[in-house]
Amino acid sequence: MHKQTVKELTAHFGIEKMLEFSQNEHGLIKAQITTATCTAEVYMQGAHLTQWQPVTSKNPVLFLSERATFEPGKAIRGGVPLVFPWFGAHKNGGNGTSGKFPSHGFARTSNQWLLVEAGRSKDDFMMKFELTDSDHSRAFGWDNFKLTYKISVGDELELELGFDNCSTESVVIEEALHTYLAVSDVEQVSVNGLADADFIDKTDESKRKKQDEKPFRLAGETDRVYTNHAAHIDVEDQGWQRKIEITKLHSLSTVIWNPWKEQSAKLADMNPDGWKQMVCVESANVGDNAVEISPGKHYTMHTCVRLK
Ligand code: TA6
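Let us look at the structure shown here. In this text the structure is predicted, and so the values were computed from the model without any measurement.

**Observations concerning the overall build of the chain**
Moving on, step 1. Helix and strand content of the chain: three helices and 22 strands.
Moving on, step 2. Radius of gyration (C-alpha) of the chain: 18 Å, near the 19 Å computed for a compact globule of 308 residues.
Moving on, step 3. By principal-axis analysis of the C-alpha atoms, the chain measures approximately 50 × 45 × 35 Å.
Moving on, step 4. Here the chain holds 308 residues, and 54% of them are scored as buried.

Rendered as structure tokens:
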């Protein structure tokens, strides 16, 4: 598989001062987007959006750990990691991103992503990436597929993840747009849109529980997979006097995660107090809501993040 170089990306897609490419000391290539409405950054590895900042917002919208690593094969802590084709630890084991079956699948650390389209669309800027089967994916038992990931940035953020089953068999995928939202102080935040929803509490032996009707305020380690949940989420941030709305299409799982103090301290790529500045609100299809896709068929999940 040919890997696009900075030179090739710049020649094919570069737009002076609007879309520029650079490479860090570890060889990771980053796209820097600057438009009248926003700035954004996307790493080619994992097609990983690490920053999206509308010019109207004085505070960051996406959280990016100050200790995040930007090295080949390592997941970046923050922005929107792309979870595919399994969520969490693989049933065959391997919890770390370096394990045989890396946590959250192989897509987010793959250097096989190709940029296939980039350009302006109205006030937004759109980039389309593709990941197809390779020796890398076949090592995990995944062949004959194409993943298409469209990122549109402007005063809103739109993400669209499409899967094409190019094989002759049905496949079951898990997927998540593992969005790290930046907040002033997670203890001053309430999450609306979960009332009465069923969830799996991964901090309590994966027990199945039901959300009450009150706005959800995080008060400790939180790791919940809401099932059959299609509703939109509002994250109200008292400290920054703002609301972030996450809407979605064709996603029936919503994951809410914050490691809190104790678990955060175990993450080498997170400041000890990093947990206070973030909450993950993930549009997903996982577990009970994993998606079966027939041969030759396609499935696309959408999510939109906007400041209100
Ligand atoms: O989405 C929540 C979760 O599955 C948590 O259990 C925690 O593992 C988090 O993802 C981060 O996973 P990572 O592999 O990026 O450290």
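**Details of the site of the ligand**
Moving on, step 1. With respect to spatial proximity, the complete set of residues near the ligand consists of Arg77, Phe87, Ser103, His104, Arg108, His178, Lys202, Asp223, Val255, Trp257 and Glu282.
Moving on, step 2. Contact between the ligand and Lys202: an oxygen atom at 3.4 Å from a side-chain N or O atom of the residue.
Moving on, step 3. Against a free-state accessible area of 390 Å², the protein chains account for coverage of 81% of the ligand.
Moving on, step 4. A class-by-class count of the residues in the shell around the ligand yields three nonpolar, three polar and five charged.

**Some words on the nonpolar core**
Proteins that are soluble and globular tend to have nonpolar side chains buried together.
Moving on, step 1. Core analysis: the largest hydrophobic core is formed by 69 residues, its most contacted members being Leu49, Phe84, Phe129, Trp142, Leu147, Tyr149 and Val235.
Moving on, step 2. Here the element with the most residues in this core is strand β8 (residues 145-153); it accounts for five residues.
Moving on, step 3. Setting aside residues up to four positions removed in sequence, Leu49 forms contacts with Ala40, Glu41, Val42, Leu62, Gly78, Gly79, Val80, Ile151, Leu157 and Leu159.
Moving on, step 4. Core analysis: the next-biggest nonpolar cluster, separate from the first, contains eight residues, Val83, Ala176, Ile200 and Val225 among them.

**Observations regarding the sheet that holds strand β9 (residues 156-165)**
Moving on, step 1. Pairing is antiparallel across the open sheet formed by eight strands, whose spatial order is β6-β7-β8-β9-β22-β18-β17-β13. Looking at which strands have only one partner, the edges of the open sheet turn out to be β6 (114-121) and β13 (189-192). Strand-to-strand twist of the sheet, defined as the mean angle between neighbouring strand axes without regard to direction, takes the value 15 degrees.
Moving on, step 2. Both β13 and strand β17 (residues 233-237) contribute to a ladder of four bridges, which runs antiparallel. Across the sheet, residue Asn192 finds its bridge partner in β17, namely Asp234.

**Quick notes on empty space enclosed by the protein**
Moving on, step 1. In total, this model carries one cavity of 30 Å³ or more according to the counting rule given.
Moving on, step 2. Taken as a whole, the largest cavity spans an internal volume of roughly 40 Å³.
Moving on, step 3. In terms of lining, the largest cavity is formed by Ala231, His232, Ile233, Ile246, Lys248, Thr254, Val281, Glu282 and Ser283.
Moving on, step 4. Those elements giving two or more residues to the lining of the largest cavity turn out to be β18 (242-249) and β20 (278-285).

**As for the side chain of Gln211**
Moving on, step 1. Mapped onto the fold, Gln211 is located in the loop between β15 (207-210) and β16 (222-226).
Moving on, step 2. Relative accessible area serves as the criterion here: at 5%, Gln211 is assigned to the buried category.
Moving on, step 3. Polar contacts involving the side chain of Gln211 include one to the side chain of Arg224, which spans 2.9 Å.
Moving on, step 4. Excluding anything up to four places from it in sequence, Gln211 contacts Leu194, Ala195, Asp196, Ala197, Phe199, Phe216, Arg224 and Tyr226.

Calculation criteria
Residues numbered from 1 in each chain as written. Predicted model: local features only at pLDDT ≥ 70, side-chain atom pairs only at ≥ 80, totals over all residues. Heavy atoms only, no water. Helix = DSSP H or I, 4+ residues; strand = E, 2+ residues; numbered from the N terminus. Rg over C-alpha atoms; globule rule 2.2 N^0.38 Å. Buried < 20%, exposed > 50% of the residue type's maximum accessible area, 1.4 Å probe, protein only. Near = heavy atom within 4 Å. Polar contact = N/O pair within 3.5 Å; in protein donor to acceptor, adjacent residues only side chain to side chain. Areas by Shrake-Rupley, 256 points an atom, 1.4 Å probe, with all protein chains shown as cover. Nonpolar A, V, L, I, M, F, W, Y, C, P; charged D, E, K, R; others polar. Core = buried A, V, L, I, M, F, W, Y, C linked by side-chain atoms within 4.5 Å. Contact = heavy atoms within 4.5 Å. Pairing = 2+ DSSP bridges. Axes fitted to C-alpha atoms, helices over the stretch in contact; angles between N-to-C directions. 1 Å grid on protein atoms, 1.4 Å probe; cavity = no way out; pocket = protein on both sides within 12 Å on 5 of 7 lines; lining within 4 Å. Points joined across faces, edges and corners; volume = space filled by probe spheres on them.

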